[in-house]
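The primary structure of each chain is shown beneath.
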Amino acid sequence: MTKEEFKARWESNDNGGGISYDDIANCAVAWGISRTPKTRRIDVIRYQVLVAAGTVDAEEFTPDEEQA
């Protein structure tokens, strides 16, 4: 899925256009965000993908600080 396709789907309704975590993980790999997104926190990966796609609500999904 391209960034444009992701953005259009994500913003299409309040449920994120039916985008799943697998969709988010696949985009993270395809867009060079993470080679192994399923080994990282879902909220961090989701935020990075939303920012990369340029969604209007990306900042609403800013993750909490990661614990050391």
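In what follows, the structure referred to is the one given above.
Residues numbered from 1 in each chain as written. Predicted model: local features only at pLDDT ≥ 70, side-chain atom pairs only at ≥ 80, totals over all residues. Heavy atoms only, no water.

(A) Summary view of the pattern of salt bridges. For the structure on display, the rule yields four salt bridges. Between Asp23 and Arg9 there is a salt bridge, and its shortest N-O distance comes to 3.7 Å. Residue Asp23 is found in helix α2 (residues 21-30), and its partner Arg9 is found in helix α1 (residues 3-10); the two are separated by 14 residues along the sequence. A residue is classified by how much of its surface remains accessible, and Arg9, at 31% relative accessible area, is partly exposed. (Salt bridge = Lys/Arg side-chain N within 4 Å of Asp/Glu carboxyl O. Helix = DSSP H or I, 4+ residues; strand = E, 2+ residues; numbered from the N terminus. Buried < 20%, exposed > 50% of the residue type's maximum accessible area, 1.4 Å probe, protein only.)

(B) Layout of the packing of α2 against helix α3 (residues 42-53). Taken N-terminus to C-terminus, the directions of α2 and α3 make an angle of 60°; their axes are 10 Å apart at the nearest point. You can see that α2 and α3 cross each other, and the crossing is left-handed. Contacts between α2 and α3 involve Tyr21, Ile24, Cys27 and Ala28 from the first element and Ile42, Ile45, Arg46 and Val49 from the second. A per-class count over the contact of α2 with α3 returns seven nonpolar, no polar and one charged. (Axes fitted to C-alpha atoms, helices over the stretch in contact; angles between N-to-C directions. Left-handed = near helix turned anticlockwise from the far one by under 90°. Contact = heavy atoms within 4.5 Å. Nonpolar A, V, L, I, M, F, W, Y, C, P; charged D, E, K, R; others polar.)

(C) Region of interest: α3. If you check α3, its first and last C-alpha atoms are 16 Å apart, about what 12 residues at 1.5 Å a residue would give, namely 16 Å. For α3, the full list of buried residues reads Asp43, Val44, Ile45, Tyr47, Val49, Leu50 and Ala53. Remark: Gly54 follows α3 within two positions and exhibits a positive phi of approximately 75°. (Expected span 1.5 Å × (residues − 1).)

(D) Local environment of the environment of Glu5. Along the chain, Glu5 turns up in helix α1. Take Glu5: its relative accessible area is 45%, and that puts it in the partly exposed class. The sequence separation of Glu5 and Ala53 amounts to 48 residues, and the corresponding C-alpha distance is 8.7 Å.

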